[in-house]
Amino acid sequence: MDAARSDQRSTLDLLKAMVEIESPSDDKAAVDRCAALVAKRCSELGGRVRVHRKKEFGDLLEARFGPAKSKQKPVLLLGHLDTVWPLGTLLSMPYRIADGRVWGPGVLDMKAGVAMALSAIAILQKQKRLTRPVWMLLNSDEEVGSNVSRPLTEKLAQQCEAVYVLEAAQGLAGAYKTARKGVGNYGIRVEGVAAHSGVDFERGHSAIAELARQIERITGFTELDRGITVNVGTVQGGTRSNVIAAEAHAEVDVRIAKAKDAGRIEKRFRSLRVFDSKCSLHVEGGLNRPPMERTPGTVALYKRAAAHARVLGFELEEAATGGGSDGNFTSALGVPTLDGMGAVGEGAHAAHESLLLEHMAPRTALLAAMLADAGE
């Protein structure tokens, strides 16, 4: 704890530099600039850095710390450098420290977690307690589904004893996350028959009317008692009020708590059929992230973390959340995965995104303790 507090200024300096390099997922050059900054810091800490070049999204940053060869399997620190905020957001949301908080785009989700992890590694190096391999993987497309980074995430995780996800904690109590829902996205597209709504009404077959009926059916797929939620988030269709719509489209978000329900929800979407035979229906998409279920391995990690927290002087809670992370992928492989090990705050993806400064040193100390414990 003393070391984390002493090192907090440098942690904040790195965080400020990261936040002020804005890195939206859809801007490869911007994400790569942020990765270059972090890669430099990793190298300064003795990390063996490898950049995995990507064309569509930002490059993936891998760094390995501790002994190059060991009888112990590595621990993987998992995070991402992309944010949801477009370039120029700093003009209205500047990085600042005020009212006991740190504010700025991406400060909570999740650049603080990266800065804290590097601080934890620095602390252990100074204390000569980094005795086992610690790998870090920072992805560039987490906010848009991790399609590019997922193969590497899974490849590295399968070689590791455990995965520590540097995402923000759950709520202002700072709970570690031991379960997350799986995430799916479906696109529902309907093609109808256009016609003049005044002259040829009977000849038209409205894609909008058909989609509305499908939405009623899809909404019924929600089963709260099973942890399944289905939300039609966007609807588009038609051209003018006096034209019977020839096309309509809806985007649907799906969350499941149990992997066994993936097939159940997939079957329901694929069994959709039109009410109006003159219309056609097309279903696209599927489950993007499997659920991170509360496994015995994850519970064991949490209990160890809670014991360290008590020694450090605070209580650590656990929580489940409906949001997904890259930890969903690693947990689904059977690798014990503990999530929410980053900063404590609120407002991720919102204009009031911020973290509570008072929790930064304790959380950094806890992360360092978990890495040291794994090597002793």
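Each remark here, short or long, concerns the structure printed above.
Residues numbered from 1 in each chain as written. Predicted model: local features only at pLDDT ≥ 70, side-chain atom pairs only at ≥ 80, totals over all residues. Heavy atoms only, no water.

Trainee: Is there a simple way to think about the overall build of the protein in this case?
Mentor: Looking only at helices and strands, the protein has 10 helices and 18 strands in total. In summary, the protein has a C-alpha radius of gyration of 23 Å against a globular reference of 21 Å for 376 residues, a match within 12%. Split into buried and exposed, the 376 residues of the protein put 53% on the buried side. Surface accessibility of the protein: about 16,400 Å² in total, with carbon and sulfur atoms responsible for 51%. Put simply, the protein has 49 plus and 46 minus side-chain charges, and the middle of one group is 6 Å from the middle of the other. (Helix = DSSP H or I, 4+ residues; strand = E, 2+ residues; numbered from the N terminus. Rg over C-alpha atoms; globule rule 2.2 N^0.38 Å. Buried < 20%, exposed > 50% of the residue type's maximum accessible area, 1.4 Å probe, protein only. Areas by Shrake-Rupley, 256 points an atom, 1.4 Å probe, with all protein chains shown as cover. Lys, Arg positive; Asp, Glu negative; His and termini not counted. Charge placed at Lys NZ, Arg CZ, Asp CG, Glu CD.)

Trainee: I'm lost on unusual backbone geometry in this one. Help?
Mentor: What is expected of a backbone is that most residues other than glycine have negative phi and most peptide bonds are trans. In the segment running from Asp109 into Met110, the intervening peptide bond is cis, with an omega of -10 degrees. Structurally, Met110 can be placed in helix 4 (residues 107-126). Positive phi, normally seen in glycine, also occurs at Asp99, with a value near 55 degrees. Looking at where Asp99 falls in the secondary structure, it is placed in the loop between strand 4 (96-98) and strand 5 (101-103).

Trainee: How do you make sense of the pattern of salt bridges when you look at a structure like this?
Mentor: A side chain of one charge can pair with a side chain of the opposite charge if their charged atoms are brought near each other. Counted under the stated rule, the structure contains 24 salt bridges. For Lys28, the salt bridge goes to Asp32, with nearest N and O atoms at 2.9 Å. Of the two residues, Lys28 and Asp32 both sit in helix 3 (residues 28-44), four residues apart, roughly one turn of that helix. Since its relative accessible area comes to 24%, Lys28 is described here as partly exposed. Notably, a salt bridge pairs Arg304 with Asp373, separated by 2.7 Å at the nearest N-O pair. Remark: Asp373 occurs in helix 10 (residues 360-373) and Arg304 occurs in helix 8 (residues 296-312); sequence separation between them is 69 residues. Overall, the relative accessible area of 27% leaves Arg304 in the partly exposed class. (Salt bridge = Lys/Arg side-chain N within 4 Å of Asp/Glu carboxyl O.)

Trainee: Help me out: how do you make sense of the packing of helix 4 against helix 10 in this one?
Mentor: Helix-helix packing: each pair is described by the crossing angle between the helix axes and the interaxial distance. It is the contact of helix 4 with helix 10, at a shortest axis distance of 9 Å, that shows an interaxial angle of 55 degrees. Classified by the angle their axes make, helix 4 and helix 10 are oblique. Crossing of helix 4 over helix 10 shows right-handed handedness. Side by side, helix 4 and helix 10 meet where Met116, Ala117, Ser119, Ala120, Ile121, Ile123 and Leu124 of the first sit next to Met360, Arg363, Thr364, Leu367, Ala368, Leu371 and Ala372 of the second. Class assignment of the residues belonging to the contact of helix 4 with helix 10 gives a composition of 11 nonpolar, two polar and one charged. (Axes fitted to C-alpha atoms, helices over the stretch in contact; angles between N-to-C directions. Parallel < 35°, antiparallel > 145°, perpendicular 65-115°, else oblique. Left-handed = near helix turned anticlockwise from the far one by under 90°. Contact = heavy atoms within 4.5 Å. Nonpolar A, V, L, I, M, F, W, Y, C, P; charged D, E, K, R; others polar.)

Trainee: Mind showing me how you'd approach the packing of aromatic side chains here?
Mentor: Here a ring pair, both rings aromatic, is described through the centre-centre distance and the interplanar angle of the planes. Under the counting rule described, the total for this entry stands at two aromatic pairs. Ring geometry for Tyr186 against Phe269: centres 3.9 Å apart, planes inclined by 0 degrees, an arrangement best described as stacked. Taken as a pair, Tyr186 in strand 9 (residues 182-191) and Phe269 in helix 7 (residues 262-270) lie far apart in primary sequence, 83 residues in all. With relative accessibility at 2%, the residue Tyr186 sits in the buried group. (Phe/Tyr/Trp six-rings, centres within 6.5 Å; stacked < 30°, edge-to-face > 60°.)

Trainee: It is not clear to me how the pairing of strand 13 (residues 247-256) should be interpreted in this structure. Could you clarify?
Mentor: Side-chain direction in a regular strand flips from residue to residue, so the side chains alternate between the two faces of the sheet. Note that strand 9 and strand 13 share 10 bridges and pair antiparallel. Within the sheet, the bridge partner assigned to Arg189 lies in strand 13 and is His249. For strand 11 (residues 229-237) and strand 13, the ladder comprises eight bridges, and the chain directions are antiparallel. When the bridges of strand 13 are listed, Val230 appears paired with Val254. (Pairing = 2+ DSSP bridges.)

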